[in-house]
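Survey of secondary and tertiary structure
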Number of protein chains: 2
Amino acid sequence: MYLGEASIEYQDGVYIQGYASIVGEKEGQGPLRSLFHDVENDPLFGGDNWEDAESRLQLRIANTTIREAGLELKDIRYVFAGDLLGQLIATSFGLKDLNIPLFGLYGACSTMGESLSLGSICVSAGHADHVLCMTSSHFASAEKSFRFPLGYGTQRKLSATWTVTGGGGVILGNSGGIARITGITTGKIVDYGCTDKENMGACMAPAAADTIAVHLSDFGRCPEDYDKIITGDLGSIGKTILLDLLDERGCRIEKQHMDCGMEIFDSEKQDTHAGASGCGCSASVLCSLILKNICSGIWKRVLFVPTGALFSPVSSNEGRSIPGIAHAVVIESLEQKG
Amino acid sequence: MYLGEASIEYQDGVYIQGYASIVGEKEGQGPLRSLFHDVENDPLFGGDNWEDAESRLQLRIANTTIREAGLELKDIRYVFAGDLLGQLIATSFGLKDLNIPLFGLYGACSTMGESLSLGSICVSAGHADHVLCMTSSHFASAEKSFRFPLGYGTQRKLSATWTVTGGGGVILGNSGGIARITGITTGKIVDYGCTDKENMGACMAPAAADTIAVHLSDFGRCPEDYDKIITGDLGSIGKTILLDLLDERGCRIEKQHMDCGMEIFDSEKQDTHAGASGCGCSASVLCSLILKNICSGIWKRVLFVPTGALFSPVSSNEGRSIPGIAHAVVIESLEQKG
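This is a predicted model, so every value here is computed, not measured.

1. Comments concerning the pairing of strand β9 (residues 179–185) of chain B
All names here are of chain B.
- By the criterion of burial, β9 is predominantly enclosed, with seven of the seven residues buried.
- In terms of strand pairing, strand β2 (residues 7–24) meets β9 through six bridges, oriented antiparallel. Paired with Y15 across the two strands is R180, which belongs to β9.
- Across five bridges, β9 lies against strand β16 (residues 328–332) in antiparallel orientation. Of the residues in β16, the one forming a bridge with R180 is E332.

2. Notes on the domain arrangement of chain A
Residue and element names in this part refer to chain A.
- Taken domain by domain, chain A comprises domain 1 (15–173) and domain 2 (181–332).
- Contact residues are listed per partner, giving 51 residues for domain 1 and 51 residues for domain 2.
- Both faces combined, the contact of domain 1 with domain 2 buries some 4,100 Å², and carbon together with sulfur accounts for 67% of it.
- In terms of surface lost to domain 2, no three residues of domain 1 exceed Y19, C109 and T161, which account for 15% of the buried area on that side.
- Along the contact surface separating domain 1 from domain 2 lie one salt bridge.
- Secondary-structure elements contributing two or more residues to the side of domain 1 that touches domain 2 are β2 (7–24), α1 (25–28), α4 (111–124), β6 (130–137), α5 (139–146), β7 (162–163) and β8 (166–173).
- Ranked by residues supplied to the side of domain 1 that touches domain 2, first place goes to α4 with eight residues.

3. Points about the pattern of salt bridges
- Tallied over the entire structure, the rule returns 35 salt bridges over all chains.
- Across the salt bridge formed by K144(A) and E51(A), the nearest N and O atoms sit 3.0 Å from each other. On the criterion of sequence distance, the pair formed by K144(A) in helix α5 and E51(A) in helix α2 (residues 50–68) is long-range, its members being 93 residues apart.
- Its salt-bridge partner being R320(B), residue D52(A) comes within 3.7 Å of it at the nearest N-O pair. Of the two residues, D52(A) is situated in helix α2 and R320(B) in the loop between α10 (313–317) and β15 (324–326); the pairing between them involves two chains.

What counts, and where the lines are drawn
- Residues numbered from 1 in each chain as written.
- Chains lettered and ligands numbered in written order.
- Predicted model: local features only at pLDDT ≥ 70, side-chain atom pairs only at ≥ 80, totals over all residues.
- Heavy atoms only, no water.
- Buried < 20%, exposed > 50% of the residue type's maximum accessible area, 1.4 Å probe, protein only.
- Helix = DSSP H or I, 4+ residues; strand = E, 2+ residues; numbered from the N terminus.
- Pairing = 2+ DSSP bridges.
- Domains from an automatic or database assignment.
- Contact = heavy atoms within 4.5 Å.
- Buried area = accessible area lost by both parts, 1.4 Å probe.
- Salt bridge = Lys/Arg side-chain N within 4 Å of Asp/Glu carboxyl O.

Structure representation (structure tokens):
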């Protein structure tokens, strides 16, 4: 059933039947280390180059997620997946041997929100028993693609975030899961004209603010209806902007707000400046800390809002701005909020 | 309702409520010239560079399609769109001012099939009254992205196809349209190891063969159940391979088969070698020749199978193969096949 301006509420709920996260060495040394399903210390994941590394990471995430859900490859009807690289090569080369019908998605770092949204629409329509929603990022493939080759040893601005090597996968289905998706709010592109690719938090915060405000209005809810409102990878600067922008709209979410980009690393000790980013940031935090807390009933209802910065090396070199997009997903524990 | 290995059959049908195609000068000189809604002779579409040109093309397609359906911007609940460029910059910059919730898709030249598939899933679930499904490509932005700068004057192999400057949009809704989508079959990635980016027909034909064979099996149909089985942009070489591969599986579609890549140009007179390609190829042929013939009842049931070659400049330079993917959509005239 659709709701308000940009939302869908699922009457019967769509169930999360399993999830898994795999991350790299640096992420495995951070505060969430014990919550990931797997930490790989080889940055190449046994591959030949950074893109191959990320493809191998994707395949491992897919297989681990399916196993965690107690399913087999043949049980999965569709994969909804994407990544940050041009033409989604991490996904295409990573998932081709799965032999499962694929919908390739691009929402920059909001991809986990986009894949859960489209996956849940498909399940809610009764068109699949089990679908796999997943995404990844890799620090080195992203730096190579969007900024400078690592070998240059470029100095990073303090507003920069560190692209997560990692990712997560979720199996959605129409019954018997461990948590529920009860609604989604789909983001519009929001462009405040920011052009600094080393300050992506500022580029994405307006989109996150828009999606959260639209969500609360569409569902007729207030921030207090959520135990947590969790953005993807705004980092410390983006978080401040988000809270300011929502404050201007008369919406205060300080108490509920958490940002995946500020959870995965200890920024000070791990020298990650404003925090973490990448599709894999929100995906791996979702598939560790967030879903564990929801499944154990610590959090009853969470608004998960991955955020994406829509730019390419070409658009950036052409001096274009970096618009943002954010897709929100309502995730609830099976024991419903009273 | 899902069907067989990779298909969905829509019980009530999902309706096509309007469509539009816009193409460039060369396409406007081809055999379909009188069928497009608009031909733009300025290759820059009034923009500053090739990416900007394609963005402006996308925005025009969106606005024209919405108008053709007799709707206004505010009536459209979601846009399902993508393009060929890295990080979908034609789409992001083209559609940001629409202010409509966006699902960004990447399926290479199969994107029109992917957007119609996801759009129809969404409408079939009752989650939207009207959605816009669209895609584009631009000869110059694609050559710059995937091959060599135009200024090099590179000689093209005879197996090469010419990327269409153009695109198409379709409005889907849950009632009262001019044609129906009655089912979809979603493609898997198929990789026969082909590495020649100047022979994309060969790279994509195995995926088209797989999707068509799976489709016929899932629906329990034979080629004769279709007036046309229309692939996206295989060109003359890909077409031969497709027919051979299906023949090996005991499936003969010569009589029904048509390829958009062989329709939009007069290859001999227009020097386009093996034919045409690009997301905009199948999209603009769908939104001219194909939908006109369906709406007028000349064709009662068509299987539309856009085909995509999944590679990037990076994967190609790393010596990787070019896997293919193809998404099939069943489109029927309102006067059903007897």
